[in-house]
Structure formats: C-alpha cells, structure tokens
Amino acid sequence: MIKMRGVTKIYDNGVVALHDVSVDVAKGELAFLTGPSGAGKSTLLKLITAEEPPTEGLVEIAGHDVGALRRREVPYLRRRIGVVFQDFRLLNERTVLENVMLPLTILGLAPAEQRRRALQVLTVVGLAQRKDARPMELSGGEQQRVAIARAIALDPAILLADEPTGNLDPDITWHIMKLFRLINARGTAVVIATHNYDVVKKMDARVIKIIRGELPEEAVA
Amino acid sequence: MKHLGFFAREALKNVGRGGILTAAAILAVTFAALIGGIFATAYVNLRTIYEELRSELYVDVYLAYETDEAQAQVIGDHLGRLAGVSRADYISREAAAEEFVGLFPEDKELLEALSENPLPASYRLYLRPEYDTPEEVAAIVEQVVAVEGVDDAVYAQEWLANLERAAKVVGVVGAAVGGVLGAAAILVVMSTIGLAVYARRDTIEVMKIVGATDGFVRAPFIGEGLIIGLLGGLVALAALYGGVEFLRTYHVEVHFLPASYWAGGLALAGLAGAIGSAAAVRRFLKV
C-alpha cells in the first residue's frame with residue numbers, strides 16, 4: 001500500500017530530514033512509526049500525503065508514484081488517505097457534524113448522503129450524540145475522535161496519525177488507540193507516528209523505528 | 001455545479017463574518033464606483049445635450065444686401081438642392097425685422113429710427129440628420145458661401161464642436177480615472193480579503209488535507225469578493241441616484257445613467273471584487 005525506496009528529504013534550509021529511507025506498509029497493516037522528536041516522523045507522513053515532495057527516491061501509494069503526480073492530481077490522492085493530527089485541526093466555526101461532512105462535501109455527495117455517512121462514522125467513534133456541538137465545547141479526547149471520524153469519512157485505504165495522543169491523558173490515549181485498532185480491523189492500513197513507547201509496547205503491532213532521518217532496522221526487498 | 005449551493009452558503013457566511021474588513025472592502029469599491037459613476041453621468045448628460053442640439057442644427061445664410069426677391073428665389077432653389085440640405089426657409093428682410101423686434105422688443109425704437117431696414121434677407125437651411133457632424137456641416141457651409149449672392153453663413157459651429165470635445169474629454173478622463181480607481185479598489189479588496197483569508201488559513205489547510213482541489217478552496221472566496229464588489233457597486237449607484245434626484249429638486253435637468261451603463265458598472269464592480277479575492281487566496285493554496 002505504501003512503498004518508499006531510497007527516499008531522501010532535504011528542506012530548503014539545508015536540514016536533512018530523511019536520508020535514504022526504504023520501507024513498505026502492506027494493505028490492512030497497523031504500524032507505529034517511533035522515534036524522538038525531530039527524527040523525521042512528520043516529514044515521512046508529509047511525503048505520503050504529498051505535502052512535501054521527496055528530494056530523492058520513490059514514494060508510491062497504492063501503485064501511484066506520488067512524486068510524478070501533477071499538482072491537480074494531488075487532491076484525489078488525499079481522498080484515499082485519512083490524516084489525524086496532534087492538534088486535531090477541526091474547524092471551530094462549524095459543528096461536529098459539519099466538520100465530519102467536509103470531506104464528503106468536497107467529494108460532491110448529496111447533502112442527505114453526506115449527513116448519513118457522517119453520522120455513521122460519528123457513531124463508530126461514539127460521538128453521534130454530540131453532532132451539533134462546536135469542537136471547542138468538547139474535551140481533547142472527544143475532539144480527537146471527531147478528527148478521526150473526519151479522517152475515515154471517505155473510507156480511506158490508509159489512515160495516518162501524527163502524534164494523535166500527544167495532547168491527551170493516558171486513559172483517553174488508550175481509548176483512541178483502541179479506536180485505531182478497530183479502524184484497522186475494518187481493513188484500513190494505519191500508520192501512527194508517536195514517541196509514546198508505553199502505548200507502542202501495549203499495542204502489539206509492527207514498529208518502524210526512525211532515528212535521525214534513517215530507518216536502521218528496516219529491510220525491504 | 002454540484003457544489004454551487006455550498007459555495008454560495010460559504011461566501012455569504014464569510015461576508016457576514018467579515019466585520020470591519022468586509023465593510024472596508026465594500027467602501028473601497030463604493031468609492032471607486034462612485035467616482036466612475038459621476039464621470040459616466042457627466043458624459044451621458046453632455047452627450048444628450050449635444051445630440052439634442054445637433055438634431056436641431058440649422059445654418060443661417062445671409063444674402064447680399066442688394067439681392068432682390070427674384071435673385072433670392074434662384075439662390076434659394078440652388079441652396080435647397082445642395083447635398084445634406086433638407087429644407088431652405090426664406091426669411092425676407094421684413095420678416096427678419098419682425099423677428100428682431102420679437103427677440104429684442106426694447107430695441108424696437110432703434111430699428112424704427114433708421115430710414116431703411118438694415119437687416120438682410122436670409123435662408124435658414126435645415127440639414128439632414130446624416131449630415132450633421134461638425135466636419136460635414138463645415139463642408140456644406142463652404143459650398144453655401146461660394147454661391148453667388150450669399151454674403152455669409154452662420155451656425156453654432158464652434159460651440160457645437162466644443163461641446164462634443166468636452167463630452168469626449170469627460171469620457172476619456174472618466175475612463176482613465178475609473179480605471180485607476182478600479183485598480184486601486186482591486187488592490188484594497190485584495191489586501192482586505194487577504195487579511196480575511198489569512199485568518200482562515202487553517203481552514204484552507206484542513207480543506208486541502210481532506211482532498212479539496214484549489215478550485216474548491218478558491219470558489220467561496222471568489223464568491224465573497226463578488227458579493228463585496230456588487231454591494232459596493234449598489235451602494236455607489238444608490239448614492240449616485242440620490243445625487244441626481246437631489247439636483248433635480250433644484251431644477252437642474254440631469255439624467256440618471258441608462259440601464260446599460262449602470263448594469264455594466266455593477267458587473268465591473270463585481271468583477272473587481274472577484275479578481276481581488278482570487279488574487280488574495282492564491283498565496284495560501286500551496287499546501
């Protein structure tokens with residue numbers, strides 16, 4: 001599902017974020033991307049969503065070379081990838097339901113269908129009853145569940161999470177992780193970037209270690 | 001097309017939420033449109049006066065003082081056959097004297113004190129509408145004065161030419177000033193909407209992350225600019241209409257802009273807003 005070969009990313013200011021990275025993530029796999037802050041976790045995720053182009057190497061998503069995509073093709077790639085951020089990135093002037101409906105609106109579904117599917121994913125994350133609330137009225141954990149609902153609204157093939165529990169307390173963190181496992185069980189490949197090793201240990205899933213922009217333990221064919 | 005309702009709702013919401021920035025942008029468009037509108041009104045009114053005068057244009061042809069009735073008849077036949085002349089009305093010396101007294105009754109004694117009527121006989125030539133540009137009138141007059149027995153030919157040439165020139169100057173200056181102010185309005189709309197866009201850069205980023213195309217992100221902002229432009233244009237038109245009505249209460253015969261002018265102006269104002277907005281949002285699309 002995700003294939004990276006010899007990927008190097010050097011930012012305009014000369015910082016080498018990734019160096020000669022090769023890694024595969026299979027369809028329906030659950031993987032943790034771990035490493036200290038500044039190791040290159042976020043950069044690796046940004047390469048997958050085409051927010052940043054690789055300086056060198058190949059990034060392939062579901063068989064498509066991301067580096068070769070034209071600018072106007074990028075949105076269609078992103079519709080197949082759900083993304084969850086540490087700071088939730090919800091739109092506070094919209095209700096919970098409207099936030100979750102946003103990707104469905106962009107897709108151009110009929111309003112009734114948008115509503116039906118948004119309510120469906122809100123039920124999956126256990127927040128259907130808060131659909132009319134504004135994000136600011138919710139707790140941190142609830143906001144992250146809304147963000148997850150938005151990320152899976154289009155039933156993506158891949159779900160990326162960048163430090164999704166960084167702002168949450170341990171109980172809530174565990175709840176969110178169970179949610180990711182549930183989503184993964186529905187067939188979505190899930191990649192979670194985190195430096196919370198306690199969570200990683202408990203989850204019993206594949207771990208991709210990233211250290212100073214390199215993946216020393218990854219071996220790919 | 002399937003997103004049109006969403007774009008319209010978003011644009012209206014954004015205008016509603018814009019507060020002082022939106023008000024400033026509307027005001028900028030209003031100011032530019034009002035100045036343009038004042039010039040357009042001046043142009044249209046000068047043009048109307050010019051057209052009215054032109055349609056009533058005639059040339060007074062004075063015959064030599066010693067011309068008798070028979071000679072006058074021959075000259076009249078000749079003048080009536082000239083290209084561009086629709087009618088030649090004879091004004092005898094006696095009729096000229098009567099007209100003079102009619103126009104200046106207080107000078108009646110002056111005329112009576114003279115032993116002989118000093119006014120010459122004349123023809124009043126009415127011109128065909130297709131021969132009424134200043135150049136064509138001048139060409140006809142040239143032929144008229146060449147006719148034997150004609151002393152002079154007089155018409156409102158200079159005045160008419162000046163009026164036409166004034167209308168042209170007002171039109172050109174108006175278009176130039178309107179153009180400069182229009183560009184300024186676009187810049188102001190760009191910077192005010194730019195600030196509004198900056199405040200919503202997170203929204204743009206989220207939209208792009210969940211798969212929105214540039215066009216999808218841009219459309220509501222363009223709609224917002226269009227609404228701002230149209231509102232500014234409408235306020236300017238209302239102010240202009242009010243101004244015209246105000247002048248009319250003082251019996252100044254001013255016409256309001258014809259429909260094609262104000263509709264075109266309104267469309268231009270909307271376009272200026274949309275362009276300003278599109279340019280502003282462009283900077284934030286590189287996610």
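These numbers were taken from a predicted model, which means no experiment stands behind them.

Enquirer: Would you mind going over the overall build of chain B with me for this structure?
Expert: The helix and strand inventory of chain B stands at 10 helices and four strands. Starting at the N terminus and walking to the C terminus, you meet the elements of chain B as α-α-β-α-β-α-α-β-α-β-α-α-α-α. Summarising its shape, the C-alpha atoms of chain B cover approximately 100 × 40 × 30 Å along the three principal directions. Taking as baseline every contact in chain B between residues at least 6 positions apart, the subset at least 24 positions apart corresponds to 81%. By element, 64% of the accessible surface of chain B is carried by carbon and sulfur atoms, the whole surface being about 15500 Å². Chain B carries 22 positive and 34 negative side-chain charges, and their two centres are separated by 27 Å.

Enquirer: What's the story with the domain arrangement of chain B in this structure? I'm lost.
Expert: Taken as a whole, chain B is organised into domain 1 (4–52 + 161–282) and domain 2 (58–155). Of note, the centres of domain 1 of chain B and domain 2 of chain B, computed from C-alpha atoms alone, are 53 Å apart.

Enquirer: Which parts of the structure should I look at to understand the packing of aromatic side chains?
Expert: For any pair of aromatic rings, geometry is given as the distance between the ring centres together with the angle between the planes. In the structure shown here, the tally under the stated rule is eight aromatic pairs over all chains. Measuring from ring centre to ring centre gives 5.2 Å for Phe-100 of chain B and Phe-104 of chain B, while their planes differ by 55°; the resulting arrangement is tilted. Under the relative-accessibility criterion, Phe-100 of chain B is labelled partly exposed at 21%. Ring pairing ties together the aromatic residues Phe-6, Phe-7 and Phe-216 of chain B, which thus form one cluster. The cationic tip of Lys-202 of chain A hangs over the ring face of Trp-174 of chain A; the distance from NZ or CZ to the ring centre is 5.2 Å. When the ring centre of Tyr-198 of chain B is taken as origin, the NZ or CZ atom of Arg-201 of chain B, which lies over that ring, is 4.0 Å away.

Enquirer: In this structure, what is going on with the interface of chain A and chain B? I would like to understand it.
Expert: Much of the literature gives interface size as the accessible area that the parts lose upon coming together. With 20 residues of chain A at the interface, the matching set in chain B holds 21 residues. Between chain A and chain B, roughly 1900 Å² of surface is buried when both sides are summed, and carbon and sulfur atoms account for 59% of that area. Three residues stand out in chain A for area buried against chain B, namely Arg-71, Arg-78 and Ile-106 of chain A, and they jointly supply 30% of the buried area on that side. Along the contact surface separating chain A from chain B lie three salt bridges. With a shortest N-O distance of 2.5 Å, Arg-89 of chain A and Glu-205 of chain B are connected by a salt bridge. Scanning the region where chain A abuts chain B turns up seven residue pairs in polar contact (both at pLDDT 80 or more).

Enquirer: Can you walk me through the sheet that holds strand S7 (residues 158–162) of chain A in this structure?
Expert: Hydrogen bonds between backbone atoms are what pair the strands of a sheet, whose relative direction is either parallel or antiparallel. All names here are of chain A. Strand order in the open sheet made by the five strands is S6-S7-S8-S3-S9, with parallel pairing throughout. Two strands bound the open sheet, and with one partner strand each, they are strand S6 (81–85) and strand S9 (206–209). When the angles between neighbouring strand axes are averaged without regard to direction, this sheet yields 20°. Two elements, strand S3 (residues 30–34) and strand S8 (residues 189–194), share five bridges in a ladder whose sense is parallel. From the neighbouring strand, Leu-30 faces S8, where its bridge partner is Val-190. Its contacts with the sheet put helix H1 (residues 41–48) on S3, S6, S7 and S8, and the angle it makes with S7 is roughly 150°.

Enquirer: Can you walk me through a negative patch on the surface in this structure?
Expert: Together, Asp-68, Glu-69, Glu-94 and Glu-98 of chain B give the surface a local cluster of negative charge. Note on placement: Glu-98 of chain B falls in helix H4 (residues 93–103).

Conventions we followed
Residues numbered from 1 in each chain as written. Chains lettered and ligands numbered in written order. Predicted model: local features only at pLDDT ≥ 70, side-chain atom pairs only at ≥ 80, totals over all residues. Heavy atoms only, no water. Helix = DSSP H or I, 4+ residues; strand = E, 2+ residues; numbered from the N terminus. Contact = heavy atoms within 4.5 Å. Areas by Shrake-Rupley, 256 points an atom, 1.4 Å probe, with all protein chains shown as cover. Lys, Arg positive; Asp, Glu negative; His and termini not counted. Charge placed at Lys NZ, Arg CZ, Asp CG, Glu CD. Domains from an automatic or database assignment. Phe/Tyr/Trp six-rings, centres within 6.5 Å; stacked < 30°, edge-to-face > 60°. Buried < 20%, exposed > 50% of the residue type's maximum accessible area, 1.4 Å probe, protein only. Lys NZ or Arg CZ within 6 Å of the ring centre and 35° of its normal. Buried area = accessible area lost by both parts, 1.4 Å probe. Salt bridge = Lys/Arg side-chain N within 4 Å of Asp/Glu carboxyl O. Polar contact = N/O pair within 3.5 Å; in protein donor to acceptor, adjacent residues only side chain to side chain. Pairing = 2+ DSSP bridges. Axes fitted to C-alpha atoms, helices over the stretch in contact; angles between N-to-C directions. Patch = residues over 30% accessible without salt bridge, like charges linked within 9 Å, V, L, I, M, F, W, Y side chains within 5 Å.

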